[in-house]
Amino acid sequence: LLTHPVSAGMGFSQLKRGDRGVFFYQVIPLYAEELRFVFEHGSDALVDRFAQYRMSDVVDPVRLNVCDVKIH
């Protein structure tokens, strides 16, 4: 999932240099179930679920799968 850097704040998403800008994005690796969830419900719904489970935006290779049926 490609999104704005959440923990850095929206002010960090763009750096202006004269008449040009550099945009920063964050990559969030997804589990297969999470990707299916995005196709069915949209990425905003997945981001809401990340917030519900208080997921950090720091990449964690063993993070909770927020669409794993065992946690619901």
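On a predicted model such as this, the values are computed, not experimentally measured, just so you know. (Residues numbered from 1 in each chain as written. Predicted model: local features only at pLDDT ≥ 70, side-chain atom pairs only at ≥ 80, totals over all residues. Heavy atoms only, no water.)

Peer 1: Could you clarify how one ought to interpret helix H1 (residues 32-41) in this entry?
Peer 2: Along an α-helix, residues three or four positions apart point the same way, because every turn accommodates 3.6 residues. Buried residues of H1: Glu 34, Phe 37 and Val 38, and no others. Each buried residue of H1 lies within a common arc of 100° when the element is viewed along its axis, so the set occupies one face. Summarising the geometry of H1, the exposed residues directed more than 90 degrees from the buried face are Phe 39 and Glu 40. Residues of H1 that are buried make contact with helix H2 (43-52). Remark: Gly 42 follows H1 within two positions and exhibits a positive phi of approximately 95°. (Buried < 20%, exposed > 50% of the residue type's maximum accessible area, 1.4 Å probe, protein only. Helix = DSSP H or I, 4+ residues; strand = E, 2+ residues; numbered from the N terminus. Arc of directions from axis to C-beta. Contact = heavy atoms within 4.5 Å.)

Peer 1: Explain the nonpolar core here, please?
Peer 2: Buried together is how nonpolar side chains tend to be arranged in soluble globular proteins. If you look at the biggest cluster of nonpolar residues, it comprises seven residues: Ile 28, Phe 37, Val 38, Leu 46, Phe 50, Val 66 and Cys 67. Sorting the residues of this core by element identifies H1 and H2 as the ones contributing at least two each. (Core = buried A, V, L, I, M, F, W, Y, C linked by side-chain atoms within 4.5 Å.)

Peer 1: Help me understand H2 in this model?
Peer 2: Within the span of H2, buried status applies to Leu 46, Arg 49 and Phe 50. Projected down its long axis, H2 carries its buried residues within an arc of 105°, all on one side. Away from its buried face, by an angle of more than 90 degrees, H2 presents the exposed residues Asp 44, Asp 48, Ala 51 and Gln 52. Phi turns positive, to about 55°, at Arg 54, one or two residues after H2.

Peer 1: Got a minute to help me understand the side chain of Gln 26 in this structure?
Peer 2: Considering the arrangement of structural elements, one finds Gln 26 in strand S4 (residues 26-27). Its relative accessible area of 10% is what places Gln 26 among the buried residues. Leaving out residues up to four positions away in the same chain, Gln 26 has contacts with Leu 1, Leu 2, Thr 3, His 4, Pro 5, Val 6 and Asp 57.

Honestly, that's just the spatial picture; any functional story needs more than this.
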